[in-house]
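# Observations on the model geometry
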Amino acid sequence: MIKYGNFAESIDTVFDQSSELALGVLLGRFRISHDNIVELARLRPDEIKTVARSAIEDKIERISISYIRNEVKWSYVQQRAPSSRKERKEEKIAEKPAIRQMPRYDPDSDVNSLCMTIDSWISSIQRVNNSENLSKISTKASLKLMHKLSFLEHTINSIQDTLVERTGI
């Protein structure tokens, strides 16, 4: 009984920050456990809004505690003062390469490339997860997929930990 009372209070708290997310949870558009909605409600209002906005924009169906944590971390990484008009103009001038000049080394190029492919991974994973044939796959294929997803999750956690250490979040 207490568990459902906590759930109701948490939904109310989330509703105050994002009515769309709270209604989506109640209507079943977003799947989130009781414990995770309680954890979400414990966040600061701006963090709840960030998670809600991201889940809605990315059309996330299942909101896990790791998703919540990642979005909160990511919101702090993204916060940077917008550049002034003068700075943007100077950057634009500096970016124009001269004829036969090698482009400047960009340390972000590998990361940017990776970011572009992640959207297709998410789409593929969601398509397989929503497939009705998922229950019909062989045990071998199921185990192989679980192994690969575990390895992917481990790799993701490893790079996130490295980034957190570097940024001090």
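Before reading further, recall that the structure is shown in the block above.
Residues numbered from 1 in each chain as written. Predicted model: local features only at pLDDT ≥ 70, side-chain atom pairs only at ≥ 80, totals over all residues. Heavy atoms only, no water.

Okay, the environment of Gln 126 next. Mapped onto the elements of the fold, Gln 126 is located in helix H7 (residues 109-130). The partly exposed category is assigned to Gln 126, whose relative accessible area is 26%. Residues contacting Gln 126, with those up to four places away along its chain left out, are Asp 58, Lys 59 and Ile 60. (Helix = DSSP H or I, 4+ residues; strand = E, 2+ residues; numbered from the N terminus. Buried < 20%, exposed > 50% of the residue type's maximum accessible area, 1.4 Å probe, protein only. Contact = heavy atoms within 4.5 Å.)

Moving on, we get to unusual backbone geometry. Despite not being glycine, Lys 59 shows a phi value in the positive range, around 55°. Inspection of the secondary structure assignment puts Lys 59 in the loop between helix H4 (45-57) and helix H5 (65-78).

On the surface, a cluster of nonpolar side chains totalling about 650 Å² of accessible area is made up of Leu 114, Trp 121, Ile 125, Val 128, Leu 145, Leu 149, Ile 159 and Leu 163. Residue assignment for the nonpolar patch shows that the elements contributing at least two residues are H7 and helix H8 (139-167). Positionally, Leu 149 belongs in helix H8. (Patch = residues over 30% accessible without salt bridge, like charges linked within 9 Å, V, L, I, M, F, W, Y side chains within 5 Å. Areas by Shrake-Rupley, 256 points an atom, 1.4 Å probe, with all protein chains shown as cover. Salt bridge = Lys/Arg side-chain N within 4 Å of Asp/Glu carboxyl O.)

So, on to the nonpolar core. Ranked by size, the top nonpolar core spans 21 residues in total, and within it Val 14, Leu 21, Val 25, Ile 32, Ile 37, Leu 40 and Ile 63 carry the most contacts. Listed by contribution, the elements that provide at least two residues to this core are helix H1 (2-17), helix H2 (19-27), helix H3 (34-41), H4 and H5. Ignoring anything within four residues of it in the chain, the contact list for Leu 21 reads Val 14, Phe 30, Leu 40, Ala 52, Ile 56 and Ile 63. (Core = buried A, V, L, I, M, F, W, Y, C linked by side-chain atoms within 4.5 Å.)

Inspection of the secondary structure puts Glu 47 in helix H4. Classification of Glu 47 as buried rests on a relative accessible area of 9%. Ignoring any residue separated from it by four or fewer positions in sequence, one finds Glu 47 in contact with Val 72 and Tyr 76.

As a further point, take the pattern of salt bridges. Inspection of every chain in the model, using the stated rule, returns 3 salt bridges. A salt bridge links Glu 39 to Arg 42; the nearest nitrogen and oxygen atoms lie 2.7 Å apart. With relative accessibility at 33%, the residue Glu 39 sits in the partly exposed group. The residue Asp 46 makes a salt bridge to Arg 44 at a minimum N-O spacing of 3.1 Å.

Put simply, H1 and H4 touch, their axes get as near as 9 Å, and they point 80° apart. By the angle class used here, H1 and H4 are roughly perpendicular. Residue-level inspection shows Thr 13, Val 14 and Gln 17 of H1 in contact with H4, the latter providing Pro 45, Ile 48 and Lys 49. Classifying every residue of the contact of H1 with H4 gives 3 nonpolar, 2 polar and 1 charged. (Axes fitted to C-alpha atoms, helices over the stretch in contact; angles between N-to-C directions. Parallel < 35°, antiparallel > 145°, perpendicular 65-115°, else oblique. Nonpolar A, V, L, I, M, F, W, Y, C, P; charged D, E, K, R; others polar.)

A few words on H1. Compared with the 22 Å implied by 1.5 Å per residue over 16 residues, the 23 Å span of H1 between its first and last C-alpha is a close match. Here H1 has its buried residues at Phe 7, Ser 10, Ile 11 and Val 14. The buried side chains of H1 occupy one side of the element, clustering within an arc of 105° when seen end-on. Opposite its buried face, H1 presents the exposed residues Ile 2, Glu 9 and Asp 16, each directed more than 90 degrees away. Buried residues along H1 sit in contact with H2, H3 and H4. (Expected span 1.5 Å × (residues − 1). Arc of directions from axis to C-beta.)

Here H1 crosses H3 at 45°, and the two axes come no closer than 8 Å. On the basis of the axis angle, H1 is oblique to H3. For the element pair H1 and H3, the recorded crossing hand is left-handed. Together, Lys 3, Tyr 4, Asn 6, Phe 7, Ser 10, Ile 11, Thr 13 and Val 14 of H1 and His 34, Ile 37, Val 38, Leu 40 and Ala 41 of H3 make up the contact between the two elements. Its residues assigned to classes, the contact of H1 with H3 comprises 8 nonpolar, 4 polar and 1 charged. (Left-handed = near helix turned anticlockwise from the far one by under 90°.)

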